[in-house]
Structure formats: structure tokens, C-alpha cells
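Observations on chain architecture
Letter by letter, the chains look like this.
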Amino acid sequence: MTDLEKLVAINEIHCLMARRVRALDAHDWETYEACHAEDHVSAGPQWNPGGGRKAMMDALKKNMDGIRHIHFVHSPMIEILSPTEARGFWTLEDYLYWKQGDEDHWFHGWGHYDDTYGVRDGQWLFTSRRLSYMRKEHSPGSRREGEGNGS
Amino acid sequence: MTDLEKLVAINEIHCLMARRVRALDAHDWETYEACHAEDHVSAGPQWNPGGGRKAMMDALKKNMDGIRHIHFVHSPMIEILSPTEARGFWTLEDYLYWKQGDEDHWFHGWGHYDDTYGVRDGQWLFTSRRLSYMRKEHSPGSRREGEGNGS
Amino acid sequence: MTDLEKLVAINEIHCLMARRVRALDAHDWETYEACHAEDHVSAGPQWNPGGGRKAMMDALKKNMDGIRHIHFVHSPMIEILSPTEARGFWTLEDYLYWKQGDEDHWFHGWGHYDDTYGVRDGQWLFTSRRLSYMRKEHSPGSRREGEGNGS
């Protein structure tokens, strides 16, 4: 690949991540799903839906039902491995808010993503994502001690 | 436009936003104003100065007088529409601090920007900006319940 | 330099910063050191190790011993000055956590970096970094009133 081709790919992957987090926080699941290859695998600290995009989407929709949340991603480092393969690192700060009965609860996480990306039908998509938290805080009595969005 | 021309434009727009937020948080109003086209329109959730850059600057200077603040912007997704037109999406976290009499007050916002950009005299500038908050928190008794910087 | 050469350099500097903050928060001092030129100089608000990378590393390792921390960097504005010289601006949010005896303490900072970069043996490295805080908060009784990571 030429330098120019690599830079075009890096920009597309930056935009892919931005599209993903916007769709995630809007619960726009159709757009979110379309950011991922069919064989995508997500692995969170306490949550691994295993085989493929459909399992990830089912787990995510269930996990995020009734939750309001915000995901901020920073300082990407994308490496283009071939015309159809890349990997990337981002830092993440996420905030989750929900009710348990009448009680307000929250989770606040500081972590990073280790991703891989692949080209499918001419478009860069997520092929895997591993979220590792550096720090987690939560409201007393939270039922979500160890996890953020799980993907 | 070639891929290279688009990437050059995207980088210029990234730097435009960085220059804007640095000038904003420094109250460097001359630099801030120069980031915007004369016909720029900002629309915030409860604040819309309407016609043009001058109205925006007047409202902003009044709104931010006596306030210390910090704006962090993340994960841009810039789309070049033509050699002189583009649009962009960014996430935003902002923090405001001020006094009401002797009391310390604060606002903390989580949101995103939907911008448009245009070329004027060979330079990319903001032509519009819409700020939408996903979440807002403020100190009890704050006189700024619903707004951050307003632009 | 051509536009393409400048864009390649900007991407390398973006990745350099991402590598630095990942290594910093992991206390991976070997990788961290390798991000800096031998004559690198860091200047923090209350902390300036003076001459060169070795002094910076000695001060940093001592300063960060026993501290858990997170550094998020945003919205770079990189200017390529020559084929071997560049400067950059980033915003920073940092969080530090440590024990004083049995007590949990913390520092939370909002600032920005003014960096310079140079090419050494074909690779972009940090040659200087100045951290300026816009706001600092800390736990009551903290022994780290005025400083974050110091570099």
C-alpha cells in the first residue's frame, strides 16, 4: 500500500469509531450493527458474547436496555497491516446512568480499546474489540459493579 | 477532489477545532472570532444568537464573562462535501465554574457538536455549529441549569 | 515537504502521543523512554527535571511510584515546521490515585500540552513538553496539591 492509501484507511477507521460511539449512545442499533463485520467478536472484562455480530448485538441490546450512557474515545493509534486488515488502540471514558427501582445509579469507567478492523464489501468494519478498564467507579449498591457497556 | 486534497482539508478542520477550543478556554476572543465565517450561525439548546458571527460573539462574550471553563472535544468524523464545504461531528465534554455572590457554582455537560465548515479566502472556517447535550449536571442553586457555553 | 509527507508526519506524531500515554499509564517505562529524544526537556508547572531524557525519567519514576493514573489527550493541532521539526498542542485530562497511609487520595487535572517533536534515526520523538493546567482539584489533605504527573 502507498502512504496515501494507508492515510485514507486510517481516516476511514477514525470515522468508523466516531459513527459507532454516536450510534451506541443514541441506541441506534441498526447503524451500530452496520459498523461490525458479521464475524465480529467483542470481549469485555466480564462479558463475552462469543460467536459473531448477532450474539454481540443481542447481548448489547439486553445489557443497555433502560440505561442512558456516554462514551468518549480519544487518541487513536491505528496500524494498517494489509489492504484489508488493521488494528487500533483508543482510550475510553464511559458513563452509565440507570434506575434500580426509584434509586438513581451510575457507573464511571476509564479504559482502553484494542480493536481489529477488516474490509468487507469495500468498507472498513470492526472485526474484534477488547475493552480493558484501568479504573471503575460505581454508585453504592449498584448491580453493575464490574462492567460498563460490555462491548 | 483527490483523496489527498480531502485529507489535507480534514486535517485543517481538525486543527481549526483545536484552535477554537484553545481560544475559547483562554478567552482569546480575537482568535476565536477568526475561526468563524462572517455568516456563521451557532445554535445551542437554549441559546441561538441568530444572524452571523457578530451576534454570536456578542452573546458569547456576555455569556462567558466571569466564567472559567474547559472544553474537551473528541473523535471527529469529518465529511468533505465539495472543495469549499464540509460537515463534521465531534463529542464534547465541558466544565464551567463561576461565583454567585460568595458561592462556588459549576456546570458539567456531555454532548456533541454537529458542524458545517466552509472555505473563505482559502481557509476552512466554521459556518455553523449545533450543540446537543446528552447529559447535564449543575450545582444546586445554579442560575445556569440548562446551558454550557451556548456555542 | 509535500502535503503527503506532512500528513504522514502528523499521523506518526499522533501515534507517538498515543503510545506515550499508553506506556505512561501502564508504567511501561522502557516504551515511555523510547518515545523521547535524548535531549528531551519536560517542563511542568512545579516540576522541571532540566537536562535531558534521563533526568526526566528519573524524576518521573520517582514521582509516579505507587500512583495509579490515567491520562486522556484530545484534539491535537500539529504543525510541521521542517522535515525534522514539528510542534503540537493537545488538551489533557488526568486522574491520579494513591494512598497516604490508609487514606485514599486523588488528583484531577484539566490542562494542555505544548510539545515539540524532532526526527531521530528516522523516527519522530518528543523533544520538549510543557504542561499547563487550566484547573486542578485534589482530595483534602493531599500531599500533591499542585501537580499531576509532572511531565
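This text follows the structure it describes.
Presented here is an overview of the structure given in this document. (Residues numbered from 1 in each chain as written. Chains lettered and ligands numbered in written order. Predicted model: local features only at pLDDT ≥ 70, side-chain atom pairs only at ≥ 80, totals over all residues.)

**Focus on the relation of the copies chain C and chain A**
Turning chain C through 120° and shifting it by 0.0 Å along the axis lays it on chain A, with an RMSD of 0.0 Å. Those values place the two copies in the arrangement expected of a three-fold rotation axis. Minimal C-alpha distance to the rotation axis in chain C is attained by His 74 of chain C, lying at 3.4 Å. Mapped onto chain A, only 19% of the interface residues of chain C are again interface residues, and the two copies thus contact each other with different surfaces. (Least-squares fit on C-alpha atoms with pLDDT ≥ 70 in both. Contact = placed C-beta atoms within 7 Å.)

**What to know about helix H3 (residues 52-64) of chain B**
Residue and element names in this part refer to chain B. Between its first and last C-alpha atoms H3 spans 18 Å; for 13 residues at 1.5 Å apiece the expected length is 18 Å, and the two agree. Buried within H3 we find Arg 53, Met 56 and Leu 60. Here the buried residues of H3 occupy an arc of 60° about the axis, which is enough to place them on one side. Away from its buried face by more than 90 degrees, H3 exposes Asp 58 and Lys 62. Lining the buried residues of H3 we find helix H2 (29-34) and strand S1 (36-43). (Helix = DSSP H or I, 4+ residues; strand = E, 2+ residues; numbered from the N terminus. Expected span 1.5 Å × (residues − 1). Buried ≥ 20, exposed ≤ 12 C-beta atoms within 10 Å, placed from the backbone. Arc of directions from axis to C-beta.)

**What about the sheet that holds strand S2 (residues 68-82) of chain C?**
Ordered in space as S1-S5-S4-S3-S2 (chain C), the five strands form an open sheet in which the pairing is mixed. Edge positions in the open sheet fall to strand S1 (36-43) and S2 of chain C, since each of these has one partner strand only. Between one strand and the next, the sheet's axes are offset by a mean angle of 20°, whatever the strand orientation. Its contacts with the sheet put helix H1 (residues 3-25) of chain B on S2, strand S3 (85-100), strand S4 (103-120) and strand S5 (123-138) of chain C, and the angle it makes with S2 of chain C is roughly 115°. (Pairing = 2+ DSSP bridges. Axes fitted to C-alpha atoms, helices over the stretch in contact; angles between N-to-C directions.)

**Considering the environment of Trp 29 of chain A**
Mapping Trp 29 of chain A onto the fold places it in helix H2 (residues 29-34). The sequence separation of Trp 29 of chain A and Met 57 of chain A amounts to 28 residues, and the corresponding C-alpha distance is 8.0 Å.

**Focus on helix H1 (residues 3-25) of chain C**
Residue and element names in this part refer to chain C. For H1, which comprises 23 residues, the first-to-last C-alpha distance of 34 Å matches the rise-based estimate of 33 Å (1.5 Å per residue) to within 8%. Three or more residues of H1 are buried, namely Leu 7, Ile 10, Asn 11, Ile 13, His 14, Met 17, Ala 18, Arg 20, Val 21, Leu 24 and Asp 25. One or two positions beyond H1, positive phi appears at His 27, with a value near 55°.

**Considering the sheet that holds strand S5 (residues 123-138) of chain B**
In space, the five strands of this open sheet follow the order S1-S5-S4-S3-S2 (chain B), with mixed pairing throughout. One side of each edge strand has no neighbouring strand; the edge strands of this open sheet are S1 and strand S2 (68-82) of chain B. When the angles between neighbouring strand axes are averaged without regard to direction, this sheet yields 20°. Pairing geometry for S2 of chain B and strand S3 (residues 85-100) of chain B, over 12 bridges, is antiparallel. In the sheet register, His 71 of chain B faces S3 of chain B, and the bridge partner there is Asp 94 of chain B. Helix-sheet contacts for helix H1 (residues 3-25) of chain A involve S2, S3, strand S4 (103-120) and S5 of chain B, and the interaxial angle to S2 of chain B is about 115°.

**Focus on the environment of Arg 20 of chain A**
Residue and element names in this part refer to chain A. In this fold, Arg 20 is placed in helix H1. Distance in space between the C-alpha atoms of Arg 20 and Glu 33 is 8.6 Å, their sequence separation being 13 residues. Once you skip the residues sitting within four places of it in the chain, Arg 20 turns out to touch Tyr 32 and Cys 35.

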